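Per-entry structural report
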Amino acid sequence: MVSRHTTLLVCFGVLVVVLVAGISRIELKENWLELLDESYEFRRSTDFLRENFTGVETYEYSLGAGRAGGNRATMREALWMKAKHRRKR
């Protein structure tokens, strides 16, 4: 009975190692819009946007503020400047 548990544990350990090694090799380079046939209006519209404007893909970046609580302080400063500008009108 113990040998079955040991065998099962070893098999799952090997499986985990293989899956972790495989998952690190996945590359997400595929453009999902190109999977649609050109007969779809959505595909034609997105092709037009990509060729004539900036496209439909989004990219997000996270930038450090350079100081602790900097993002919140920057937001507060921006709101303060906006309120100050409104008061001048």
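All figures in this text were calculated on a predicted structure; none of them were measured in a lab.

Our next topic: the overall build of the protein chain. Secondary structure summary: the protein chain contains three helices and zero strands in total. Counted from the first residue to the last, the protein chain has its helices and strands arranged as α-α-α. Residues classed as buried in the protein chain amount to 9% of the 89 residues present. Accessible surface computed for the protein chain: about 9000 Å², of which carbon and sulfur atoms make up 61%.

Right, let's talk about the pattern of salt bridges for a bit. Going through the model one piece at a time under the given rule, you end up with three salt bridges. Notably, a salt bridge pairs aspartate 47 with arginine 50, separated by 2.6 Å at the nearest N-O pair. Of this pair, aspartate 47 and arginine 50 both sit in helix α2 (residues 41-52), three residues apart, which is roughly one turn of that helix. Among the residues examined, aspartate 47 registers a relative accessible area of 11% and is labelled buried. In this structure arginine 50 comes out as partly exposed when scored by relative accessible area, which is 31%. Each member of the salt-bridge network shares a partner with another, and the members are Glu38, Arg43, Asp47 and Arg50.

A word on the packing of aromatic side chains. Scanning all chains against the criterion turns up one aromatic pair. Ring geometry for phenylalanine 48 versus phenylalanine 53: centroids 6.0 Å apart, planes at 65°, classification edge-to-face.

Attention now moves to α2. Between the first and last C-alpha of α2 there are 16 Å, a value that for 12 residues agrees with the 16 Å anticipated at 1.5 Å per step. Listed in full, the buried residues belonging to α2 are Arg43, Thr46 and Asp47. Along α2, the residues classed as buried sweep out an arc of 105° about the axis, all on the same side.

A separate point is the side chain of threonine 46. Within the secondary structure, threonine 46 sits in helix α2. The exposure class assigned to threonine 46 is buried, which follows from its relative accessible area of 4%.

Conventions and cut-offs
Residues numbered from 1 in each chain as written. Predicted model: local features only at pLDDT ≥ 70, side-chain atom pairs only at ≥ 80, totals over all residues. Heavy atoms only, no water. Helix = DSSP H or I, 4+ residues; strand = E, 2+ residues; numbered from the N terminus. Buried < 20%, exposed > 50% of the residue type's maximum accessible area, 1.4 Å probe, protein only. Areas by Shrake-Rupley, 256 points an atom, 1.4 Å probe, with all protein chains shown as cover. Salt bridge = Lys/Arg side-chain N within 4 Å of Asp/Glu carboxyl O. Phe/Tyr/Trp six-rings, centres within 6.5 Å; stacked < 30°, edge-to-face > 60°. Expected span 1.5 Å × (residues − 1). Arc of directions from axis to C-beta.

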